[in-house]
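An overview of the molecular structure
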Amino acid sequence: GAVVSQHPSRVICKSGTSVKIECRSLDFQATTMFWYRQFPKQSLMLMATSNEGSKATYEQGVEKDKFLINHASLTLSTLTVTSAHPEDSSFYICSARVPLGGGYTFGSGTRLTVV
Amino acid sequence: AQSVTQPDIHITVSEGASLELRCNYSYGATPYLFWYVQSPGQGLQLLLKYFSGDTLVQGIKGFEAEFKRSQSSFNLRKPSVHWSDAAEYFCAVGAGNTGFQKLVFGTGTRLLVSP
């Protein structure tokens, strides 16, 4: 139980285009989801907290207009990287709080490469 | 501010030998503590978590961790390492209020298993 599905697993896009990454909770309702970014051989850095039905809360230094987050339902949060540049290339991982003290479950990640 | 320190960047252990990965945290209140494992190019899998109660926590794959408040530590242990345990291990602390806790991660420890 408590599975989060993240798609796509890999995406290559041209510089200047936008990319959408989806994160779905398959067997539970996720009122809160989290988006992380992970650089090679580094830890996960929280980008933003996504709350269903309200605006996302961004961490300091994260550009709200570049990383658009939408959490329109209890099972889906999306991260859109707008006007992507090569420096946005990274591994993006979503996470959701599992109800009733289940901790946090993570998606399998999305490897974004901007060329 | 909350923080997690994993002092060992790399650890090499012989297959069959015991393992201990260190984790120290800084948090003003009672922490929610987690250990996750990440294989290359994959998301994170929860090994175990501590919320309250017994300070020795059993997890999956034969892992356990002990919460020591006096030392602000939550070290991960396994009595006999298998080659399949080679991966990146992250310690994390849940920070924030009860409703919207976010995870703060350590920098990770890469475990290498030698034959």
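In the block above lies the structure referred to throughout.
Heads up: these notes are all about the structure in this document. (Residues numbered from 1 in each chain as written. Chains lettered and ligands numbered in written order. Predicted model: local features only at pLDDT ≥ 70, side-chain atom pairs only at ≥ 80, totals over all residues. Heavy atoms only, no water.)

1. Let's talk about the overall build of chain B
To be explicit about the condition: In this description a helix means any DSSP run of H or I spanning at least four residues, a strand means any run of E spanning at least two, and both kinds are numbered starting from the N terminus. Only C-alpha atoms enter the radius of gyration; for comparison, a globular chain is expected to reach 2.2 Å times N to the power 0.38, where N is the number of residues. Each residue is placed in one exposure class: buried if its accessible area under a 1.4 Å probe, protein chains only, is under 20% of its type's maximum, exposed if it is over 50%, and partly exposed if it falls in between. Residue contacts are counted whenever heavy atoms from the two residues lie within 4.5 Å of one another. For accessible areas, the Shrake-Rupley method is used with a probe of radius 1.4 Å. Any residue's cover is judged against the shown protein chains and nothing else. Charge assignment in this entry is limited to Lys and Arg as positive and Asp and Glu as negative, and neither His nor the chain termini are counted. Charge placement uses NZ in Lys and CZ in Arg. For Asp and Glu, CG and CD serve respectively.
The secondary structure content of chain B amounts to 0 helices and 12 strands. Helices and strands in chain B line up, N terminus first, as β-β-β-β-β-β-β-β-β-β-β-β. Here chain B has a C-alpha radius of gyration of 14 Å; the compact-globule value for 115 residues is 13 Å, and the two agree. The dimensions of chain B, computed from C-alpha atoms along their principal axes, are 45 × 30 × 25 Å. Here chain B holds 115 residues, and 44% of them are scored as buried. In chain B, once contacts between residues fewer than 6 apart in sequence are set aside, the share between residues at least 24 apart is 53%. For chain B, the exposed surface amounts to about 5,500 Å²; the carbon and sulfur share of it is 50%. Considering chain B, the positive charge centre built from 9 side chains and the negative charge centre built from 8 side chains are found 7 Å apart.

2. Brief notes about the pairing of strand S7 (residues 67–73) of chain A
Residue and element names in this part refer to chain A. Counted only if it meets this: Think of it this way: DSSP has to see at least two bridges between two strands before they count as a pair.
One ladder, built from 5 bridges, connects S7 with strand S8 (residues 76–81); its direction is antiparallel. Residue Ile69 lies in a different strand from S8, and its bridge partner there is Leu79. Linking two consecutive strands that pair antiparallel, namely S7 and S8, is a turn of 2 residues.

3. Description of the interface of chain A and chain B
Note the following rule: Accessible area, probed at 1.4 Å, shrinks when two parts are joined; the buried area is that loss added up over both. Within this document, salt bridges are pairs made up of a side-chain nitrogen of Lys or Arg and a carboxyl oxygen of Asp or Glu, the two lying within 4 Å of each other. Think of a polar contact as two N or O atoms within 3.5 Å of one another; within protein, one of them needs to be a possible hydrogen donor and the other a possible acceptor, and neighboring residues in sequence only count if both atoms come from side chains.
Chain A puts 20 residues into the contact, and the matching count from chain B is 20 residues. Taken over both partners, the interface formed by chain A and chain B buries close to 1,600 Å², and the fraction arising from carbon and sulfur atoms is 56%. It is A:Ser43, A:Tyr104 and A:Phe106 that lose the most area in chain A upon contact with chain B, and together they represent 33% of the buried surface on that side. The interface formed by chain A and chain B contains 1 salt bridge. The partner of A:Glu59 in a salt bridge is B:Lys102, with the nearest N and O atoms 3.0 Å apart. Joining chain A to chain B, the criterion identifies 5 residue pairs in polar contact (both at pLDDT 80 or more). Within the residue set of the side of chain A that touches chain B, elements represented by two or more residues are strand S4 (32–38), strand S5 (44–51), strand S9 (90–98) and strand S10 (103–106) of chain A. If one sorts the elements of the side of chain A that touches chain B by residue count, S4(A) sits on top with 4 residues.

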